[in-house]
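# Structure at a glance
Letter by letter, the chains look like this.
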Amino acid sequence: MDLTHQEINLLRGQFPAFQRTIDGIPVAYFDGPAGTQVPQRVADAVSSYLLSSNANHAGLFATAIESDQMLDAARVGFSEFVGADDPAEIYFGQNMTSLTFAFSRAISQTWSSGDEIILTRMDHDANVTPWVLAARDRGIKVNYVDFHQETFRLDIDQLESYLNSNTRLVAVGCAANAAGTINPVTEICRLAKRYQAKVFLDAVHYAPHRLIDVKEFGCDFLVCSAYKFFGPHTGIFWGKRQLLEGLEAYKVRPATNRLPGKWMTGTQSHEGIVGSLEAVDYIADIGRDLRGDPTLGRRDSLIAAFSAIGRYEQKLTDIMLSGFKSIPGIQLFGIADPCRPDLRVATFSIICRGISTADFAKRLCDRGHFVWHGHYYALQFSEQLGLEPEGMVRIGMVHYNTVEEVNRLLDDIRSIASSVSESSG
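Nothing here was measured: the structure is a model prediction, and the numbers come from that model.

Here is what the cut-offs are and how they apply
- By convention here, each chain's residues receive numbers from 1 onward along its written sequence.
- Two thresholds apply to this predicted model, a pLDDT of at least 70 for residue-level local features and 80 or more for giving and counting side-chain atom pairs, whereas whole-chain, interface and lining totals are computed over all residues.
- Remark: hydrogens and water are excluded; side-chain values derive from all non-hydrogen atoms of the structure.
- Buried residues are those whose accessible area, probed at 1.4 Å on protein chains only, stays under 20% of the maximum for their type, while exposed residues exceed 50% and partly exposed ones sit between those limits.
- Under the scheme used here, helices are H or I runs from DSSP no shorter than 4 residues and strands are E runs no shorter than 2 residues, and both carry numbers assigned from the N terminus.
- It is the directions from the helix axis to the C-beta atoms whose arc is reported.
- Should any heavy atoms of two residues lie within 4.5 Å, those residues are considered in contact.
- Strand pairing is assigned whenever DSSP detects at least two bridges linking the two strands.
- Here the axes come from fitting lines to C-alpha atoms, over the contacting stretch only for helices, and the angles between their N-to-C directions go from 0 to 180 degrees.
- Put simply, angles under 35 degrees are roughly parallel, angles over 145 are roughly antiparallel, angles from 65 to 115 are roughly perpendicular, and the rest are oblique.
- By definition, turning the near helix anticlockwise from the far helix through less than a right angle yields a left-handed crossing, and turning it clockwise yields a right-handed one.
- Any residue outside Ala, Val, Leu, Ile, Met, Phe, Trp, Tyr, Cys, Pro, Asp, Glu, Lys and Arg is labelled polar, Gly included; the first ten of those are nonpolar and the last four are charged.

### Some points on helix α1 (residues 5-12)
Burial in α1 covers these residues: Ile8, Leu11 and Arg12. Buried residues of α1, seen end-on, are gathered within an arc of 100 degrees and therefore sit on one face of the element. Projecting away from the buried face of α1 at angles above 90 degrees are the exposed residues Gln6 and Leu10. In the core, the buried residues of α1 are packed alongside α10 (270-291), α11 (298-325) and α14 (403-424).

### Considering the sheet that holds strand β17 (residues 392-396)
As summarised here, the arrangement of the four strands in space is β13-β14-β17-β16, forming an open sheet in which the pairing is antiparallel. A single partner strand is all that each edge strand has here, and the edge strands are β13 (330-332) and β16 (372-374). Here the average twist between neighbouring strands, direction ignored, is 35 degrees. Inspection of the sheet shows strand β14 (residues 347-352) paired to β17 by four bridges, in the antiparallel sense. Note on β17: the bridge partner recorded for Ser349 is Arg394.

### Thoughts on the side chain of Thr357
Residue position: Thr357 is located in helix α12 (residues 357-366). Residue Thr357 is classed as buried on the basis of its relative accessible area, which comes to 4%. Not counting the four nearest positions on each side in its chain, Thr357 is found in contact with Ile351, His373, Glu390, Gly391, Met392 and Val393.

### Section: the packing of helix α2 (residues 40-52) against α10
One way to put it is that α2 packs onto α10 with a least axis distance of 8 Å and a crossing angle of 150 degrees. Taken together, α2 and α10 sit at an angle that is classed as roughly antiparallel. For the element pair α2 and α10, the recorded crossing hand is right-handed. Counted together, Arg41, Val42, Ala45, Val46, Tyr49 and Leu50 of α2 and His270, Glu271, Val274, Gly275, Glu278, Ala279, Asp281, Tyr282 and Asp285 of α10 form the full contact between these two elements. Grouping the amino acids of the contact of α2 with α10 by side-chain chemistry returns eight nonpolar, two polar and five charged.

### Quick look at unusual backbone geometry
Note the cis peptide between Leu259 and Pro260, where omega equals -5 degrees. If you trace the backbone, Pro260 turns up in the loop between α9 (241-246) and α10. With an omega dihedral of 10 degrees, the bond running from Glu388 to Pro389 counts as a cis peptide bond. On the secondary structure map, Pro389 appears in the loop between α13 (379-384) and β17. Notably, Phe230 is not glycine yet its phi reads approximately 80 degrees, a positive angle. By secondary structure assignment, the location of Phe230 is in the loop between β11 (221-225) and β12 (235-239). Assessed through its relative accessible area of 0%, Phe230 is described here as buried.

Encoded structure:
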């Protein structure tokens, strides 16, 4: 089943943020790629934990026992979210960036002179610099995969040419946070496995839009952040048990050597973890409602939800791409073909000729459209396109955005572009 106008409005009713206005104009949140809005139930879950079950790990008293039960439930929920079977393969941290820095330090201890790793020039810097610094410290080679500036897709032939028996790791994003491109990670994993190279996937920008399936991808490690899919600021890491058990974690001596605690350094944000699970269940309930089955299991519910979310966001994408083509002065940096929904998510980076990106974003924000400007940490992407230091203006949509919001945004972009053209003409 598809998400209808009525169902979208019911979902929006769960988000208090949509009550906000600017000069009487309802705010349209197009800033989702940097962090989505949060439904009331997620805030309630965080509050409930803090007020009723707030305790540290492994105590013998009631609140500690309750807290640990909630954390165990969260690991079960997130193993289902990523399509894994073993909850012990899930651990949590402050965010994807922190988790990646810590893990890169650990896995790099297995690298030696002559080894190589492969990164891309399309990724968020959180999936670049941690590996660059680790490679520098170990004295190994870094190869960068370029993207085609005509198609905004990774050069898979170049990636394949870099792979060899010395390749230890391939780090790539499931979806690009600037261009919106969905990368062919299943193919990348298959190519890497020919050389026994490990694959580390950044699913931060992918998670709000598409179903994660680590078994289908064939990856070894995957990270995401709950605040990108309607939750609080918490990072989630999945890795294959055998690999996580075999690596040495940087941790304090009293900490356990067993999974998952081996990798969860220090006291975690328990309330954030509990709230993050609630965000997963918010998405799952979309699937249950669409199927008309409140007893449907979490994984099956997520499959149904993301199937409908993908189709709905494609509708918004088609409107955006068509609108951009009709506005003189607007340049899109991303896949412009509406016939290929499998290649992109609803994220669009643009510039308006004759106006700075900061001024463009400010004018849109003044009209009630919350958008980002700059490079959004996809620094090499912006550098390769020659757009630094201004970068681009990024418009990001998730399922709570509406057709009406998109049409209003396009009207205002058209108005701004026209006024810029008139003033400079």
